[in-house]
Amino acid sequence: MDTEKLIKGKIACEETGIEIKKSICSICNPHSHCGLDLYVKDGEIIKVEGTLEHKNSGGTLCSKGASTRQYVYSPDRIKHPMKRVGEKGTGRFEEISWEEAYSVIADKFNKLKKEEGPEEAAFFVGYTKWIRPFVQRLAYAYGSPNYCTESCTCFKAMYMSWLLDYGSFAYPDLPNTNCLLVWSSNPFYTNSTQARAILDKKENGMKMIVVDPRVTPMAAHADIHLKLKPGTDGALALAMARVIISEELYDKDFVSRYVHGFDEYREYALTFTPEKAEEITGVPAERILEAARMYAETKPAAFMPSSAPVVHHTNGLQNYRAAMLLIALTGNIDVKGGNVFKDTTWLETASGFPTRTKEYQTPPKPLSEYAPRLGAEEFPVWMELTDDAHGGRLHGQILDEKPYPIKYLMAFGINHRMWPDTERTANALKKLEFFVDVDIFFTETCKYADIVLPACTSVERGELKTYPNGYVLYTTPAIAPLYESKSDTDVIFELAKRLDIGDDLMRKGYEHNLDWILEPSGITLSELKGLPSGVMAPQTPLKFKKYEEEGFHTPSGKVECVSEVIKKLQPSCSPLPVYKPSKMSETAQPELAKKYPFILNTGSRLPMYQHSEMFRLPWIQSLRPMPSADINKDDAAGLGVGQGDEISISTPKGRIKVKANISELVQTGVVSIYHDYAGADVNTLIEADYLDPISGFPGFKSLLCKVEKAGGRE
Ligand SMILES: Nc1nc2c(c(=O)[nH]1)N[C@H]1C(S)=C(S)[C@@H](COP(=O)(O)OP(=O)(O)OC[C@H]3O[C@@H](n4cnc5c(=O)[nH]c(N)nc54)[C@H](O)[C@@H]3O)O[C@H]1N2
Ligand SMILES: Nc1nc2c(c(=O)[nH]1)N[C@H]1C(S)=C(S)[C@@H](COP(=O)(O)OP(=O)(O)OC[C@H]3O[C@@H](n4cnc5c(=O)[nH]c(N)nc54)[C@H](O)[C@@H]3O)O[C@H]1N2
Ligand code: SF4
Ligand SMILES: [Mo]
């Protein structure tokens, strides 16, 4: 065949000079991170396919991954290091060299440390997770306890619920379970490789209960769908507990030996009759009974949580604690096919082999010897259970300077729309004396920075990836970093050389650090580099019922229905997993609900979006009108709203206008909207202090709003 035809057909072979390079898409959930086959010619990606031999994604890609070329070659890419020359927020920047950028940053940070104190600098990492241990170590070595991440609105509150109840995170043992209780997760949109595994299990007879206010692909596959009102999870869980206790379906032996505070919990749970729960949650009592029986009677059963939706409520942490206690009640903890304890390998992923990640992240001196972390006073339970600062307090402390000012911020991918009260966040960023933002794209948040640095994408860098099933790989750049961009790790390890940190390990560079972390696993980076499609790492065999020897890692050594940590550190909150309606709900504020009768549920994931990142891509734009919100067809009819009509959504704090997407998937009385739309940012409608008092997580997923027809159809 002639070469021209082969090139036109994008055939990879010697004649065409087209090579297939292996990489990963790191756009969404780190547990997905699908394999990419990139067809590269003359240093340019000309075609994208999924990697067939990738153990988890098996050749599939979603709309986001399929848009990789638009992502990588986006005109919004930051091309050079830049310094701000105009007013903050106006976006006037001037190109500078990397050398100038590094020396300005190093001089400033070293001076701050010497003259005012390293704690006045905060370090932040946004959704991107792959660099977190390095940034955390850099911050601690520099002397600042204020390393914080986007996980102040994600994952950590769920993790805290596990720690309070069980002392450790307990993973659902999906491969071995016969019944999966999915407490709000929709992996078909958010973690596609997990959805594949669940479909396989369903085909083999696994039962599935899904707790979700909306009809989702996951709910559609469920044997029982508990379609509750947003934020009422605690009441539903307690009613299920009541059924399990009163019908004597609970594991009496386990409970009597290993559960702390059971009598108080039982007494409280017994007040949640299925009928009362029906009134609160909207789930028919009969369905609650059915679900409780199915979960308690099918052995073994596993509980599948999610990082976000349940804890995005003002009573979110306690609601999740209540749901998680169903596991102990039925004796499904630390047993095969139930929820099992596994040590994390790398980046919060338990891949079944040991590494030195924890040691790597441990500060050189106890955290108690540093200045108080962000949120130390407001969120004592967080401080006890986690080792980072509370990013939800970042803007507050920049603005109010209590107990001391935060003047500098070194951020890797910060999006000021991710927190409630966007304007306040922007004002805090404006107030900073020195703000460095490292991002792939020139975002609106970059406009508040003093120095902006161009990061490259996952296909332009080398990255260690470990998956929950023990699959591990190390990517090598498929193309050289575009323009003057660099890998985040180049920036971090260059700063490690230039900052006054005294950390010999960090000075040895990125790859040396990774090898140090991997050392106990016996896997080396050079080995991984020779295996571009990755390898299944040998697994440390799981031991079950470890509690028989070592108890649970809680203060009482048992599963805690009554949390001794809450009792001691936050006595204003109940140590029991009590149910309270959302602070802004019809039950809590009936007068307000007359004026704002809808429940506003924000941020439920859509398959084509990833927070603030994808709106800029033409293929993605073509998939759904932007901005838009889902509203039930009956509500739409009541408001006289047709498909695509403009509606306004308002709260006492503000108003946005979006297009109506009429849907039967969302229940009546609820309006569901994605976050991060620049022209219709739902976080401008939420007060900064609308938070869960224990976790400090924002109540993103239930507040009151008004919906009106705004006029004009497209
Ligand atoms: N495509 C895509 N994938 C993503 C992301 C993305 O932005 N886009 N983001 C990633 C991130 S950061 C996260 S945290 C995960 C989230 O992953 P998931 O938790 O799987 O996704 P969500 O859509 O946030 O929430 C799951 C379900 O919770 C339901 N829900 C909403 N409110 C409530 C409630 O009050 N109670 C209960 N029980 N359920 C509720 C929603 O209807 C939704 O169907 O997804 C990750 N993956
Ligand atoms: N109303 C409402 N608000 C929410 C939520 C909700 O459900 N409702 N969800 C919350 C949750 S769970 C989460 S996780 C957060 C989302 O967390 P965010 O951190 O807001 O997520 P992104 O917008 O994906 O990423 C932030 C920035 O990181 C940049 N970035 C991406 N990859 C890289 C990289 O490799 N290196 C560098 N340096 N930068 C990179 C992106 O370009 C972007 O500017 O939003 C939270 N906010
Ligand atoms: S599911 Fe889509 S966005 Fe997520 S890693 Fe896979 S291809 Fe990328
Ligand atoms: Mo998240």
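Structure first, text after, so check above.
What comes next is a walk through the structure. (Residues numbered from 1 in each chain as written. Chains lettered and ligands numbered in written order. Predicted model: local features only at pLDDT ≥ 70, side-chain atom pairs only at ≥ 80, totals over all residues. Heavy atoms only, no water.)

Re the overall build of the protein
And step 1. The helix and strand inventory of the protein stands at 28 helices and 27 strands.
And step 2. Expressed as lengths along the three principal axes of its C-alpha atoms, the size of the protein is roughly 70 × 70 × 65 Å.
And step 3. Within the protein, buried positions represent 61% of all 714 residues.
And step 4. By sequence separation, contacts in the protein at least 24 residues apart represent 73% of the contacts at least 6 residues apart.
And step 5. For the protein, the exposed surface amounts to about 26800 Å²; the carbon and sulfur share of it is 49%. (Helix = DSSP H or I, 4+ residues; strand = E, 2+ residues; numbered from the N terminus. Buried < 20%, exposed > 50% of the residue type's maximum accessible area, 1.4 Å probe, protein only. Contact = heavy atoms within 4.5 Å. Areas by Shrake-Rupley, 256 points an atom, 1.4 Å probe, with all protein chains shown as cover.)

Some thoughts on the environment of Asp-676
And step 1. Topologically, Asp-676 is positioned in the loop between β26 (670-673) and β27 (703-713).
And step 2. Sequence separation between Asp-676 and Asn-415 is 261 residues; the distance between their C-alpha atoms is 8.8 Å.
And step 3. Leaving out residues up to four positions away in the same chain, Asp-676 has contacts with Asn-415, Arg-417, Met-418, His-611, Ser-612 and Phe-615.
And step 4. Among the polar contacts made by the side chain of Asp-676, one reaches the side chain of Asn-415 at a distance of 3.1 Å. (Polar contact = N/O pair within 3.5 Å; in protein donor to acceptor, adjacent residues only side chain to side chain.)

Overview of the sheet that holds strand β2 (residues 35-41)
And step 1. Strand order in the open sheet formed by three strands is β1-β2-β3, and the pairing between neighbours is antiparallel. Every interior strand has two partners, whereas the edge strands, β1 (19-24) and β3 (44-50), have only one. The sheet shows a mean angle of 30° between the axes of neighbouring strands, taken without regard to direction.
And step 2. Of the strand pairs in this sheet, β1 and β2 are connected by six bridges, and their pairing is antiparallel. For Lys-22, the partnering residue across the bridge sits in β2 and is Asp-37. (Pairing = 2+ DSSP bridges. Axes fitted to C-alpha atoms, helices over the stretch in contact; angles between N-to-C directions.)

Description of the pattern of salt bridges
And step 1. Tallied over the full model, the rule gives 42 salt bridges.
And step 2. Close ionic contact of Arg-417 with Glu-444 constitutes a salt bridge, the shortest N to O distance being 3.0 Å. In this pair, Arg-417 sits in the loop between β15 (408-412) and α19 (422-431) while Glu-444 sits in the loop between β16 (434-439) and β17 (451-454), placing the two residues 27 residues apart along the sequence.
And step 3. Arg-417 sits in the buried class, given a relative accessible area of 10%.
And step 4. A relative accessible area of 38% means that Glu-444 is categorised as partly exposed. (Salt bridge = Lys/Arg side-chain N within 4 Å of Asp/Glu carboxyl O.)

Details of a negative patch on the surface
And step 1. The grouping of Asp-2, Glu-4, Glu-14 and Glu-15 at the surface amounts to a negative patch.
And step 2. By the secondary structure assignment, Asp-2 is in the segment before α1 (3-8). (Patch = residues over 30% accessible without salt bridge, like charges linked within 9 Å, V, L, I, M, F, W, Y side chains within 5 Å. Lys, Arg positive; Asp, Glu negative; His and termini not counted. Charge placed at Lys NZ, Arg CZ, Asp CG, Glu CD.)

So, the site of ligand 2
And step 1. Around ligand 2, a shell composed of 32 residues is seen, among which Asp-439, Ser-612, Glu-613, Asn-683 and Lys-701 lie nearest.
And step 2. In this structure, Glu-613 approaches ligand 2 through a side-chain N or O atom, which is 2.5 Å from an oxygen atom.
And step 3. Within the contact set of ligand 2, an oxygen atom lies 2.8 Å away from a side-chain nitrogen or oxygen of Lys-701.
And step 4. Here ligand 2, which alone exposes 910 Å², has 98% of that area covered by the protein.
And step 5. The class makeup of the residues in the shell around ligand 2 is 12 nonpolar, 13 polar and seven charged. (Near = heavy atom within 4 Å. Nonpolar A, V, L, I, M, F, W, Y, C, P; charged D, E, K, R; others polar.)

Brief notes about the site of ligand 1
And step 1. Surveying the vicinity of ligand 1 reveals 35 residues, the closest of which are Asp-212, Asp-233, Ser-306, His-313 and Tyr-609.
And step 2. Measuring from an oxygen atom of ligand 1, one finds a side-chain N or O atom of Ser-185 at 3.5 Å.
And step 3. Asn-601 places a side-chain nitrogen or oxygen 3.2 Å from a nitrogen atom of ligand 1.
And step 4. When ligand 1 sits alone it has 900 Å² of accessible area, and the protein chains cover 98% of it.
And step 5. Among the residues making up the shell around ligand 1, the classes are represented as 14 nonpolar, 15 polar and six charged.

Section: unusual backbone geometry
And step 1. Looking along the chain, the bond that leaves Lys-299 and enters Pro-300 is cis, with omega of -15°.
And step 2. Its place among the elements puts Pro-300 in the loop between α14 (285-297) and β13 (301-304).
And step 3. Backbone torsion omega between Lys-402 and Pro-403 reads 0°, so that peptide bond is classified as cis.
And step 4. Position of Pro-403 relative to the elements: it lies in the loop between α18 (394-400) and β15.
And step 5. A positive phi angle, close to 80°, is found at Asp-676, a residue other than glycine.
And step 6. By relative accessible area, Asp-676 is classed as buried at 4%.

Honestly, it's all geometry; don't read function into it.
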